[in-house]
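Chain by chain, the residues run as shown.
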Amino acid sequence: MALYPGGVYDGGMKEDPRAKVLKRLSRIEGQVAGVRKMVEEKRYCVDVLTQIAAIRSALDAVGVELLSDHIEHCVAGAGEGVRAHPEAKVRSQEELVEEMRLTLGRFLR
C-alpha cells in the first residue's frame, strides 16, 4: 500500500486498470517528447498544434479512467470498500460527493 505522487493510491485500482493508465501515461510521455523535438526542429506550427491536441485527448482519457475508478470505489460505496483510498474512508458520502463535484468542475474546464 503506497501513495504515489498526486495521490494515486496503490490499493485503490485493480491491476488491469492501473496497467492501462500507466501504459497511457507512458504513451503521453512519448508524445510530449515528440512535440518538444518538433519545436526544436522548427516544424510547422499546425503540425505541433495537432500533436498537442492529441496529447490533451490522451490526458482526458486518463482522467476519465481515474474519475470512473474513484466514483466506483470511493464515492459510490462512501469510501467503505476494500479498494477505497484511506482518505475516502474518513469522509462522509456528502463530503465525497462535494469533492467529486469540485473535481469534475476542474476536470471539465
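Remember, it's a predicted structure, so these values are computed and weren't measured experimentally.

Taken as a whole and assessed by the stated rule, the structure comprises 7 salt bridges. Across the pair glutamate 65 and lysine 20 runs a salt bridge whose closest N-O atoms are separated by 3.7 Å. Taken together, the residues glutamate 65 in helix α2 (residues 45-75) and lysine 20 in helix α1 (residues 15-40) connect sequence positions 45 residues apart. A salt bridge links glutamate 40 to arginine 36, with the nearest nitrogen and oxygen atoms 3.2 Å apart. In this pair, glutamate 40 and arginine 36 both sit in helix α1, 4 residues apart, roughly one turn of the helix. Residue glutamate 40 shares its accessibility class with arginine 36, and that shared class is exposed. Among the charged side chains, a salt-bridge network with shared partners connects Lys37, Glu41 and Arg43.

Another point: the confidence of the model for the protein. Detail in the predicted coordinates should be disregarded across regions flagged by low pLDDT. Residues of the protein with pLDDT of at least 70 account for 80%, and the chain-wide mean is 83. Between the elements of the protein, mean pLDDT differs from a low of 79, seen in helix α3 (residues 86-89), to a high of 92, seen in α1.

What counts and what doesn't
Residues numbered from 1 in each chain as written. Predicted model: local features only at pLDDT ≥ 70, side-chain atom pairs only at ≥ 80, totals over all residues. Heavy atoms only, no water. Salt bridge = Lys/Arg side-chain N within 4 Å of Asp/Glu carboxyl O. Helix = DSSP H or I, 4+ residues; strand = E, 2+ residues; numbered from the N terminus. Buried < 20%, exposed > 50% of the residue type's maximum accessible area, 1.4 Å probe, protein only. pLDDT = per-residue confidence, 0-100.

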